[in-house]
Amino acid sequence: MKYGFIGLGNMATAIIKGMCNSGDFQSNFIYGYNRTKAKTTKLATSYGIQATDSIEELMSHCDVIVLGVKPQMLPDVLPVVRTYLQEKHVIVSIAAGKNITYFQGYLSEVTPIIRVMPNINALIGASTSCYTASEQVPNTQLQLVTTLFETVGTIIEVPEHLFSIFATIGGASPAFTYMYIDALARAAVREGMPKNMALEIAANAVLGSAKMILQSQEHPWSLVDQVCSPGGTTIQGVSSLQSNHFETTIHDAVAAVTDKDRSLSK
Ligand SMILES: NC(=O)C1=CN([C@@H]2O[C@H](COP(=O)(O)OP(=O)(O)OC[C@H]3O[C@@H](n4cnc5c(N)ncnc54)[C@H](OP(=O)(O)O)[C@@H]3O)[C@@H](O)[C@H]2O)C=CC1
Ligand SMILES: O=C(O)[C@@H]1CCC=N1
């Protein structure tokens, strides 16, 4: 089985890196094509993947075709993909907002299509990804694609009607979390702590808290209560966040991302 990536930006690079480093995929079975050739050359030099000069060349070699371009580039790329489509091909999209029906419209109703939503933490092998597939995808190929994304983190199946909300809380939320960590660190800088020290402490506190939620089986508010000593310090901050609409601010941000994601398939 050979894997071809069209568009070698942040996400495709992270996925290729994960595949090569895992030892589960041979780099000479991975092909790449990018609009700007320098990115293809760089990946070929660093990871030993096969550089190609066109979508036609890439598709003639590969079975699994991963579309790594931005959603707005798909109307340029998909007609070319359609021209060179063969029965052996499975199409994998990581694009925000574009549903299976959208791809079937450009390709055909019987083309096997797998939608995957990874996140940028794939760069360090820590993506929280999900997938959904058209009914034409054989189980063997589905298994290959889930194995591929396991090289950059975890992957679960999610029904397509939940894809937009997954794309927000799985795909986009790392940006929110980076902002939260930076805000904690900046607040510590105001108190005189050096920024690098503050960032390390804030990031580790978030990491530990995430592990606590996953491992303790306790409700998050029960954990909040365990931190808030009666008459103590933390409750002052928790009350402050509540009066400043912490939860509804997050809900609004989640709704904004999800609305935009849904609008991309219209
Ligand atoms: N960034 C993220 O956190 C996440 C992104 N995604 C999805 O991943 C996809 C890629 O995002 P990301 O990696 O961030 O984007 P990038 O802009 O980093 O990468 C897109 C790449 O596509 C290339 N490209 C554009 N047009 C063509 C074309 N016609 N033929 C070949 N290559 C082309 C660009 O080349 P050039 O060098 O010429 O610009 C660029 O290298 C998007 O669909 C996005 O929705 C999904 C989850 C998370
Ligand atoms: O912002 C975006 O469009 C992409 C999709 C999910 C994360 N980043």
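Residues numbered from 1 in each chain as written. Chains lettered and ligands numbered in written order. Predicted model: local features only at pLDDT ≥ 70, side-chain atom pairs only at ≥ 80, totals over all residues.

The protein chain appears in an unreviewed UniProt entry as Pyrroline-5-carboxylate reductase from Lysinibacillus parviboronicapiens. The record in UniProt for the protein chain states the following under Subcellular location (unreviewed entry): "Cytoplasm". (UniProt positions renumbered as here; feature names shortened; annotations may be inferred.)

This part is about the site of ligand 2. Surrounding ligand 2, one finds Ala96, Ala167, Gly171 and Ala172. Of the residues belonging to the shell around ligand 2, the class tally is three nonpolar, one polar and no charged. (Near = placed C-beta within 6 Å. Nonpolar A, V, L, I, M, F, W, Y, C, P; charged D, E, K, R; others polar.)

A word on the nonpolar core. One broad trend across soluble globular proteins is that nonpolar side chains are buried collectively. Ranked by internal contacts, the top residues of the largest apolar core, which has 53 residues, are Ile65, Leu67 and Val92. With six residues, helix H1 (residues 10-22) is the largest single contributor of residues to this core. Taken together, domain 1 (3-158) and domain 2 (166-263) each give at least three residues to this core, which thus spans both. Sequence-distant contacts of Ile65, that is, excluding residues within four places in its chain, are made with Gly4, Ile6, Met59, Val81, His89, Ile91 and Val92. (Core = buried A, V, L, I, M, F, W, Y, C linked by C-beta atoms within 7 Å. Buried ≥ 20, exposed ≤ 12 C-beta atoms within 10 Å, placed from the backbone. Helix = DSSP H or I, 4+ residues; strand = E, 2+ residues; numbered from the N terminus. Domains from an automatic or database assignment. Contact = placed C-beta atoms within 7 Å.)

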